[in-house]
Protein chains: 2
Amino acid sequence: MRWRAVARANCSVARSLAVVGERWTMLILREAFLGQRRFDDFQRNTGIARNILAARLRALVKHGIFQRARANGGGHIEYRLTDKGLDLYPVLVSLMRWGDQWLAGKDGPPLFLIHRGCGRTTRPAIVCTHCGGPLVAREMLAVPRAKLASARRVLRRAGA
Amino acid sequence: MRWRAVARANCSVARSLAVVGERWTMLILREAFLGQRRFDDFQRNTGIARNILAARLRALVKHGIFQRARANGGGHIEYRLTDKGLDLYPVLVSLMRWGDQWLAGKDGPPLFLIHRGCGRTTRPAIVCTHCGGPLVAREMLAVPRAKLASARRVLRRAGA
DNA sequence: CGGTATCCCATTTGATACTG
DNA sequence: CAGTATCAAATGGGATACCG
C-alpha cells in the first residue's frame, strides 16, 4: 500500500496521521500551543526549512487547523489555531507526557503545565468518561461498530 | 536544523517524535494495541512494505517499546509491547479521538473502546489530575522549569 | 514464518538566494 | 515579514525475489 492511501483508511488513527503525521507538523503545532503565530517565529523555534514550513502551513490551513489572517489593525500575518486545531491539544500533551516519563534527562521534564482553573501544575492523564478511572491499555477493548452489541453481551455474561 | 537533531531537543514532544514519529510507526503500534504481535500480521494489516516494517520493528525494539521473543513453547516470533510501549496508549487514543471527531465519515467512528473496568463504551478524555476537569488548551499555561516559581506567584496574585 | 537483499524511483529535505 | 524559487543531496518507499 502507498502511504497516501492511509488518508482513506477506515481508521481514525490513520486518518489523523494523514493530516498531522508528517515530519515537523507536530512541532509547528507545539509552537502554536505555546503561543506562536507567525511564520518566522515558527521557523526560528523549530529550525524547519522555510520552504517546508510554507508547505506545512498551507496544508494545515487547508485542513482547517490553522486560520490564516492579518493581525488586528492589518499588521502582520498570523496563523491561529481553529477549534479543530485546538482540539489537537490532547495529542500534543500525550506525546509530551510520554517523553517526560521515558525520555527525559536526569533533570526531569523541561516544561510544566499549569491548569489555570485550579492553579496547580498538573500531570494530565487520560481517563474513562464514565467511571473517571485512568485508561490503561490492558483494560481496554477495541470493538468495531458492527460487533458492539455482541461484545457487550459477552462482557455482561462474563460478569464484568 | 536537521531532523536528526530533533531527538536531542530539550522538549519532550520532539524527543517522543524522534522515537515514534516516523511514518508507519503509529500504525504498527495501533496494530499492537489491537492485539497483533507478528510480523506478517503487522504487514498485512498496515500494508507497509516488508523492508520498512523490518526497519521499524528493529528500531522499536531498540528503543524498548517492543520486546522480541518466541511465543510460549518456542513457536513463532512475537513482538510484545513493553511497559514503555503500553504507555503510548494515550497517544494512540488521542489521535483516534481527534479523527473520530473531525475526520469520521457520516457513519461515525469505526471503532469503539470498551473499558473493562466499568463495562461501558467510553470516549476517553484528558483531564487535570488535580481537579479532574477536562484539559482545554486555552486554560493551560506551559512554563519552563526555571520559571515555575514566578509563574505560580503571578497566578496567585491574579486571584486564580 | 520472519525476515534480507536488491534495485530503482519518488519524495522530502535543507541551503541559499531572491522578492514584494 | 512572509514567503517563492531553485536545486542538489539524502532518504524513504515499494516491488519483487530470495532464503533458512
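What this report covers is the structure whose coordinates are included nearby. (Residues numbered from 1 in each chain as written. Chains lettered and ligands numbered in written order. Predicted model: local features only at pLDDT ≥ 70, side-chain atom pairs only at ≥ 80, totals over all residues. Heavy atoms only, no water.)

### Quick look at the protein's contact with DNA strand D
Moving on, step 1. If you check the shell around DNA strand D, you find 21 residues, and the closest are Asp 40, Arg 50, Arg 68 and Tyr 79 of chain A together with Arg 56 of chain B.
Moving on, step 2. Sugar plus phosphate: this is where 65% of the atoms of DNA strand D within 4 Å of the protein reside.
Moving on, step 3. The separation between a phosphate oxygen of DNA strand D and a polar side-chain atom of Asp 40 of chain A is 2.8 Å.
Moving on, step 4. Within the contact set of DNA strand D, a phosphate oxygen lies 2.8 Å away from a backbone nitrogen or oxygen of Ile 77 of chain A.
Moving on, step 5. Contributing elements (two or more residues each) for the surface near DNA strand D: α3 (39–46), α4 (50–62) and β2 (77–81) of chain A together with α4 (50–62) of chain B.
Moving on, step 6. Element by element, the count of residues in the surface near DNA strand D is highest for α4 of chain A, at four residues.
Moving on, step 7. Tallied by class, residues from the surface near DNA strand D come to nine nonpolar, three polar and nine charged. (Near = heavy atom within 4 Å. Polar contact = N/O pair within 3.5 Å; in protein donor to acceptor, adjacent residues only side chain to side chain. Helix = DSSP H or I, 4+ residues; strand = E, 2+ residues; numbered from the N terminus. Nonpolar A, V, L, I, M, F, W, Y, C, P; charged D, E, K, R; others polar.)

### Concerning the protein's contact with DNA strand C
Moving on, step 1. Neighbouring DNA strand C are 21 residues, the closest being Arg 56 of chain A together with Arg 50, Arg 68, Ile 77 and Tyr 79 of chain B.
Moving on, step 2. Take the atoms of DNA strand C that sit within 4 Å of the protein: sugar and phosphate atoms are 67% of them.
Moving on, step 3. In this structure, Asn 51 of chain A approaches DNA strand C through a side-chain N or O atom, which is 3.0 Å from a base nitrogen.
Moving on, step 4. Taking Arg 68 of chain B, its side chain carries an N or O atom lying 2.6 Å from a phosphate oxygen of DNA strand C.
Moving on, step 5. Elements that contribute at least two residues to the surface near DNA strand C include exactly α4 of chain A together with α3 (39–46), α4 and β2 (77–81) of chain B.
Moving on, step 6. It is α4 of chain B that contributes the most residues to the surface near DNA strand C, four residues altogether.
Moving on, step 7. Here the surface near DNA strand C is composed, by residue class, of nine nonpolar, three polar and nine charged.

### Things to note about the relation of the copies chain B and chain A
Moving on, step 1. With an RMSD of 0.0 Å, the fit of chain B onto chain A corresponds to turning through 180 degrees and sliding 0.0 Å along the axis. Within this description, the copies of the chain are treated as partners about a two-fold rotation axis. It is Ile 126 of chain B whose C-alpha, among those of chain B, lies nearest the rotation axis, at 2.1 Å.
Moving on, step 2. Of all interface residues in chain B, 100% are interface residues in chain A too; the two copies therefore contact each other through one and the same surface. (Least-squares fit on C-alpha atoms with pLDDT ≥ 70 in both. Contact = heavy atoms within 4.5 Å.)

### Thoughts on the environment of Gly 133 of chain A
All names here are of chain A.
Moving on, step 1. Here Gly 133 is to be found in the loop between β5 (125–127) and β6 (140–144).
Moving on, step 2. Considered as a pair, Gly 133 and Tyr 89 are 44 residues apart in the sequence and their alpha carbons are 20 Å apart.
Moving on, step 3. Each residue touching Gly 133, except ones within four places of it in the same chain, is listed here: Val 127 and Cys 128.

### Side note on the interface of chain B and chain A
Moving on, step 1. The interface of chain B with chain A comprises 87 residues on the first partner and 87 residues on the second.
Moving on, step 2. Summed over both sides, the interface between chain B and chain A buries roughly 8300 Å², with carbon and sulfur atoms accounting for 68% of that surface.
Moving on, step 3. Among the residues of chain B in contact with chain A, Trp 98, Ile 114 and Arg 116 of chain B are the three that bury the most area, contributing 9% of the side total.
Moving on, step 4. Taken together, the connections running from chain B to chain A amount to 37 residue pairs in polar contact (both at pLDDT 80 or more).
Moving on, step 5. Here the residues of the side of chain B that touches chain A are counted per class, giving 54 nonpolar, 17 polar and 16 charged.
Moving on, step 6. Two strands pair when backbone bridges link them, and β6 of chain A and strand β3 (residues 111–115) of chain B are joined in this way by five bridges, in the antiparallel orientation. From the neighbouring strand, Pro 144 of chain A faces β3 of chain B, where its bridge partner is Leu 111 of chain B. (Buried area = accessible area lost by both parts, 1.4 Å probe. Pairing = 2+ DSSP bridges.)

### A short note on the pattern of salt bridges
Moving on, step 1. Enumeration according to the criterion identifies 12 salt bridges over all chains in this entry.
Moving on, step 2. With a shortest N-O distance of 2.8 Å, Arg 80 of chain A and Glu 78 of chain A are connected by a salt bridge.
Moving on, step 3. Between Arg 30 of chain B and Glu 31 of chain B there is a salt bridge; the shortest N-O distance is 3.1 Å.
Moving on, step 4. Classification of Glu 31 of chain B as buried rests on a relative accessible area of 6%. (Salt bridge = Lys/Arg side-chain N within 4 Å of Asp/Glu carboxyl O. Buried < 20%, exposed > 50% of the residue type's maximum accessible area, 1.4 Å probe, protein only.)

### Brief notes about the packing of helix α2 (residues 25–33) of chain A against helix α6 (residues 89–102) of chain A
Residues and elements named next belong to chain A.
Moving on, step 1. Following both chains from N to C, one finds α2 and α6 inclined at 105 degrees, their axes separated by 11 Å at the closest point. When the interaxial angle is binned, α2 and α6 end up roughly perpendicular. Mapping the contact onto sequence places Met 26, Leu 29, Arg 30 and Phe 33 in α2 and Tyr 89, Val 91, Leu 92 and Leu 95 in α6.
Moving on, step 2. When its residues are assigned to classes, the contact of α2 with α6 shows seven nonpolar, no polar and one charged. (Axes fitted to C-alpha atoms, helices over the stretch in contact; angles between N-to-C directions. Parallel < 35°, antiparallel > 145°, perpendicular 65-115°, else oblique.)

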